[in-house]
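Per-entry structural report
Given next are the chains, with one letter for each unit.
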Amino acid sequence: MFIGLDTAPKLSVSGHQTQYRVGSEAATSVQARKKVGSRNVSKDGADSARMQWVDHMRRIRDAQDKAAFSELFGHFAPRVKGFLIKSGADAGLAEECAQEVMATVWLKAHMFDPSRASVATWIFTVARNRRIDILRKQRRPEPEEMTWGPQAEPEQDDVVGLQQECELLSKAMQDLPEAQRELIQKAYFGELSHSEIAQATGLPLGTIKSRLRLALDRLRHAMK
Amino acid sequence: MAEKIKHHLTPDILMAYSAGTLPEAFSLLVAAHVSLCDACRAEAESYDTVGGALLDDQNLETEAMAAGSLDATLSLIADGRIELPKTPAKTDATFPAPLQDYVGGGVSAVKWKPVGMGVKQAILKTSSEATARLLFIPAGAAMPDHGHNGLEMTLVLQGGFQDEDDYFARGDVEIADSDLHHTPVADIHEDCICLAVTDAPLKFTGLLPKLAQRFLQI
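Residues numbered from 1 in each chain as written. Chains lettered and ligands numbered in written order. Predicted model: local features only at pLDDT ≥ 70, side-chain atom pairs only at ≥ 80, totals over all residues.

With that out of the way, let us pick up the sheet that holds strand β3 (residues 131–137) of chain B. Each strand in a sheet pairs with another by means of backbone hydrogen bonds, the pair being arranged parallel or else antiparallel. Residue and element names in this part refer to chain B. Taken in spatial order, the 6 strands of this open sheet run β1-β2-β3-β10-β5-β8, and their pairing is antiparallel. With partners counted over all chains shown, the strands left at the sheet margins are β1 (113–114) and β8 (173–176), one partner each. Here strand β2 (residues 120–124) runs beside β3; their pairing, made up of 5 bridges, is antiparallel. Within β3, the position partnered with Ile123 by the bridge is Arg133. (Pairing = 2+ DSSP bridges. Helix = DSSP H or I, 4+ residues; strand = E, 2+ residues; numbered from the N terminus.)

Take a look at the structure:
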């Protein structure tokens, strides 16, 4: 159970990454925990890394916290830029777009719902939409937003549950054979068309399906 | 959101929507269906989770940001140059919100063109890889018998239609590929309005429909 959400201390980006990387190795994870001192850390370091990003988003939303944004930027902006370059943008365009994506993340912080998406997932959707706009020069039709009522905060249990599902899905994907993971990457980096996705028999939808199924149940629950 | 939807989108379509690789016209249909269907919304969002996992993958090749990029981003935020989507429309009795954006309003805003036998259509402006059109089929009327060269998806927005296999009501999606020849007939009780998307011209089986095809641009 996470209880440190509202009291999570500021954490340097490099410290965060260390913790993320060693998440599954028990021995080093003890060290990582010592390093960050009194913070409440779950048994699985990577889980709480995700929750930390959720907290960063809340600080950006509620207090326009530039320190939180700076850490989020340090971790995700180079990832967004790498993603855009893989999708066919040149370095200049990718830089410009990555800045716009991160600015949008700030400006739309109030739209982020941690019972429905991890911060990484949410940033991915912003980056994807920007890619469609800039690289494919198309509009991206989005579904009608679900209404949550005024200022409704999601239940903490739903948030923790969904964030954990995201982590387990990440692990499931990392455990996939290289060729299958590459195929998923290609699909998401725009190298496979929709008909190629439909025909890609090696696409391990089945393998990640059980994890997706659980994430799906969480989402269905969150949408009730 | 209380639609009783029986015919849903397929996993590969939802994944491609989430990956952002569908042609715009198909994305429009997906967004319209998902606005009416919580099950497909949840599934689409679970595919977004796959994208998030890839973005946060420790093996992803990152690309260092330019010097001063954080400050540049903070001034982007401060000076209001980023264009955010305007407050989206609300789904009405016929058109889901994303469709209203393309039509420029509700049913009354559609610029229908008659195509014979009381059938009307309006082609929506999307990228050229695929075509999205609204179809108006009078109650009880049949669409010309046609097969498909590519993929065709039809989302029912009002009324319903029956083809050889099944009945499709508001919110249902019929997905047809090159194997399917069908003659949908609109429900007798109400005029039918659909959003139909194709990535290749339809093949009509009779001579007259072939001529009509030129006018229909389908």
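Read on for the rest.
As a further point, take the confidence of the model for chain B. In this model, chain B carries an average pLDDT of 86, and 84% of its residues clear a pLDDT of 70 or more. Interface confidence for the predicted complex, expressed as ipTM, amounts to 0.87; the pTM equals 0.81. (pLDDT = per-residue confidence, 0-100.)

Below, the discussion takes up the sheet that holds strand β7 (residues 167–169) of chain B. Residues and elements named next belong to chain B. Read across the open sheet, the 3 strands follow the order β7-β6-β9; overall the sheet is antiparallel. Looking at strand neighbours, the two that pair on one side only are β7 and β9 (185–186), the edges of this open sheet. Of the strand pairs in this sheet, strand β6 (residues 160–162) and β7 are connected by 3 bridges, and their pairing is antiparallel. Across the sheet, the residue bridging to Gln162 is Tyr167, located in β7.

It is worth spelling out the interface of chain B and chain A at this point. Taken together, the contact between chain B and chain A spans 53 residues of the former and 63 residues of the latter. Here the side of chain B that touches chain A takes 14 residues from helix α3 (residues 38–55) of chain B, the largest share from any one element. Of the residues belonging to the side of chain B that touches chain A, the class tally is 29 nonpolar, 14 polar and 10 charged. (Contact = placed C-beta atoms within 7 Å. Nonpolar A, V, L, I, M, F, W, Y, C, P; charged D, E, K, R; others polar.)

In this section: unusual backbone geometry. Backbone geometry places A:Gln64, a non-glycine residue, at a positive phi of 45 degrees. In this structure, A:Gln64 sits in the loop between α3 (45–63) and α4 (66–86). Here A:Gln64 falls in the exposed class, since 12 other C-beta atoms lie within 10 Å of it. In this structure, B:Met117 takes a positive phi of about 55 degrees despite not being glycine. Note on B:Met117: 12 C-beta atoms within 10 Å, which makes it exposed. (Buried ≥ 20, exposed ≤ 12 C-beta atoms within 10 Å, placed from the backbone.)

Okay, the pairing of strand β10 (residues 192–198) of chain B next. Residue and element names in this part refer to chain B. Counting buried positions over the 7 residues of β10 gives 7, a clear majority of the element. Burial of the side chains of β10 extends over both faces: Cys192, Cys194, Ala196 and Thr198 are buried on one face and Ile193, Leu195 and Val197 on the other. Relative to β10, β3 runs antiparallel, the two sharing 7 bridges. Across the sheet, the residue bridging to Thr131 is Thr198, located in β10. Here strand β5 (residues 152–158) pairs with β10 via 6 bridges, running antiparallel. Within β10, the position partnered with Met153 by the bridge is Val197.

We now examine α4(A). Residues and elements named next belong to chain A. The first and last C-alpha atoms of α4 sit 29 Å apart over 21 residues, in line with the 30 Å expected at 1.5 Å per residue. A maximum bend of about 35 degrees is found in α4 at Phe73. Following α4 by one or two positions, Gly88 adopts a phi angle in the positive range, close to 110 degrees. (Expected span 1.5 Å × (residues − 1). Bend = angle between axes of the 7 residues up to and from the residue.)

Next up on the list: the confidence of the model for chain A. Regions with low pLDDT should not have their predicted coordinates read in detail. Mean pLDDT over chain A works out to 74, with 65% of the residues at or above the 70 mark. Contacts for the low-pLDDT stretch residues 1–44 of chain A, under 50 throughout, to residues beyond four places or in other chains number 50 contacts.

The biggest cluster of nonpolar side chains holds 101 residues, and the ones touching the most others in it are A:Ile123, B:Leu29 and B:Leu195. With 10 residues, the top contributor of residues to this core is α4(A). Aside from chain neighbours lying at most four places away, what touches B:Leu29 is B:Ala132, B:Met153, B:Leu155, B:Leu195 and B:Val197. (Core = buried A, V, L, I, M, F, W, Y, C linked by C-beta atoms within 7 Å.)

A word on helix α8 (residues 178–188) of chain A. Residues and elements named next belong to chain A. Leu183, Ile184, Ala187 and Tyr188 are the residues of α8 that are buried. Projected onto a plane normal to the axis of α8, the buried residues spread over an arc of 130 degrees and lie on a single side. In α8, the exposed residues that point more than 90 degrees away from the buried face are Glu178 and Ala179. Downstream of α8 by one or two residues, Gly190 has phi in the positive range, about 80 degrees. (Arc of directions from axis to C-beta.)

Take the packing of α4(A) against helix α4 (residues 69–78) of chain B next. The contact between α4(A) and α4(B) brings their axes to 11 Å, and the two run at 120 degrees. Comparing their axes, α4(B) and α4(A) come out oblique. In this structure, α4(A) crosses over α4(B), and the sense of that crossing is right-handed. Judged by residue contacts, A:Lys66, A:Ser70, A:Phe73 and A:Ala77 of α4(A) engage B:Ser69, B:Leu70, B:Thr73 and B:Leu74 from α4(B). Here the contact of α4(A) with α4(B) is composed, by residue class, of 4 nonpolar, 3 polar and 1 charged. (Axes fitted to C-alpha atoms, helices over the stretch in contact; angles between N-to-C directions. Parallel < 35°, antiparallel > 145°, perpendicular 65-115°, else oblique. Left-handed = near helix turned anticlockwise from the far one by under 90°.)

In this section: the packing of helix α1 (residues 11–19) of chain B against α3(B). Residue and element names in this part refer to chain B. Running from N to C, α1 and α3 cross one another at 55 degrees; their axes reach a closest spacing of 8 Å. By the angle between their axes, α1 is oblique relative to α3. Between α1 and α3 the crossing geometry is right-handed. Residue-level contacts link Leu14, Met15, Tyr17, Ser18 and Ala19 of α1 to Cys40, Glu43, Ala44, Tyr47, Asp48 and Gly51 of α3. For the contact of α1 with α3, the per-class residue count stands at 7 nonpolar, 2 polar and 2 charged.

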